[in-house]
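# Structural features, examined
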Amino acid sequence: MRRETKRYTVAFVILAVLLVSFVVWNLNAGSYGISVAQVMQIFLGNGSDATASRVVWDIRLPRVLAAILLGGALSVAGFLLQTFFANPIAGPFVLGISSGAKLVVAMTMIFFLQRGLLSNSVVMIAAAFVGAMLSMAFVLLVARKVRSMSILIICGIMIGYICSALTDFAVTFADDANIVNLHNWSMGSFSGITWSNVRVMAVTVGVALVWAFLLSKPMGAFQLGEGYALSVGVNVRRFRVELILLSSVLSACVTAFAGPISFVGIAVPHLIRSLFGSAKPILIIPGCFLGGGVFCLFCDLIARTVFAPVELSISSVTALFGAPVVIYMMIRRQTKRT
């Protein structure tokens, strides 16, 4: 077995073991303790504790699946944006894409709630996609005017702050009690996920991931430069549009169901590239999905158990563990340049 193949196999095994371990840990940990044996009995249909069965099937399992799907989606979206801008600092949260999606989703939810209506998952994803595309359009407009990636990132951060401020104003000064409760969502959370939500996000994320995986070959060519991609027959204009659409759909799906989640889209792709020792999209895309799921499962476990029954914002926990990775990455990159 080639040395590279062995490393890739070990990397996937590590991610798979971590994913299964955190799934089990998330299912039995919490304010209502459930042992691993009880969880197995519940899955086999032999659970005698009705409360434990309801906690597992109706609360914890949908939440675990959402953390895997949305964490993986956010990580892959970050990798796609980093490929598009050819910069490891690019990500949905940093470029303001998540904040733009959050603003439009919040406005849509407020519009429906003030009229006594409930919006479904498809409407939320559509609203988040519109917000993500508007933010992405602003970022691309700035990218055409400036060549410095640092200025582009600063502009993205500023648009993110503006969108977050507008969202906070809308939520804070709302009269309806249900609208005020949107504050928890606006901070980022996997709580309240239902099976219908899981089905919608599974279809949306699944289609986007398959599409992204099919772009692995042109993505690998694009990583070697736009000129090289053109020389091997890649339609660069169409390819760029596909990257924008995919990253926006994935980011929108995350924001629609869990609110904005910070640093996952930057930190996880960097960790996965380091683990595999490669930047090949055919490896990194599935690796990012598994890594994003592991990272969000770990952070969600911390968010809901450390100060239980009080639950922390998932975005606060991901920032706590993701920000040091980004800082290290920036320092290491600057050191290599000098």
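Our structure is the block above this text.
I will try to describe carefully the structure that is included in this document.

### Description of the environment of Leu245
Mapping Leu245 onto the fold places it in helix H12 (residues 236-258). Residues Leu245 and Phe129 lie 116 residues apart in sequence; the distance between their C-alpha atoms is 9.0 Å. Leu245 has contacts with Phe129, Met133 and Trp211, leaving out every residue within four places of it along the chain.

### Concerning the pattern of salt bridges
The full count for this structure, using the stated rule, is five salt bridges. Put simply, Glu4 and Arg2 hold a salt bridge, and the shortest N to O gap is 3.8 Å. A salt bridge links Glu226 to Arg240, with the shortest nitrogen-to-oxygen separation between them at 3.1 Å. With Glu226 in helix H11 (residues 226-231) and Arg240 in helix H12, the pair connects residues that are 14 residues apart, well separated along the chain.

### Brief notes about the side chain of Ser315
By the element assignment, Ser315 lies in helix H15 (residues 314-337). Overall, the relative accessible area of 11% leaves Ser315 in the buried class. Side chain to side chain, Ser315 and Ser262 meet in a polar contact 3.1 Å long. Excluding residues that lie within four positions of it along the chain, Ser315 makes contacts with Met187, Gly188, Pro260, Ile261 and Ser262.

### Some details on the state of the cysteines
Scanning the entire structure with this criterion turns up zero disulfides. With no disulfide partner, Cys163 has as its closest neighbouring cysteine sulfur the one in Cys155, 13 Å distant. By relative accessible area, Cys163 is classed as buried at 8%. For Cys299, which is in no disulfide, the shortest distance to another cysteine sulfur is to Cys296 and amounts to 6.3 Å.

How each quantity is defined
- Residues numbered from 1 in each chain as written.
- Predicted model: local features only at pLDDT ≥ 70, side-chain atom pairs only at ≥ 80, totals over all residues.
- Heavy atoms only, no water.
- Helix = DSSP H or I, 4+ residues; strand = E, 2+ residues; numbered from the N terminus.
- Contact = heavy atoms within 4.5 Å.
- Salt bridge = Lys/Arg side-chain N within 4 Å of Asp/Glu carboxyl O.
- Buried < 20%, exposed > 50% of the residue type's maximum accessible area, 1.4 Å probe, protein only.
- Polar contact = N/O pair within 3.5 Å; in protein donor to acceptor, adjacent residues only side chain to side chain.
- Disulfide = S-S within 2.5 Å.

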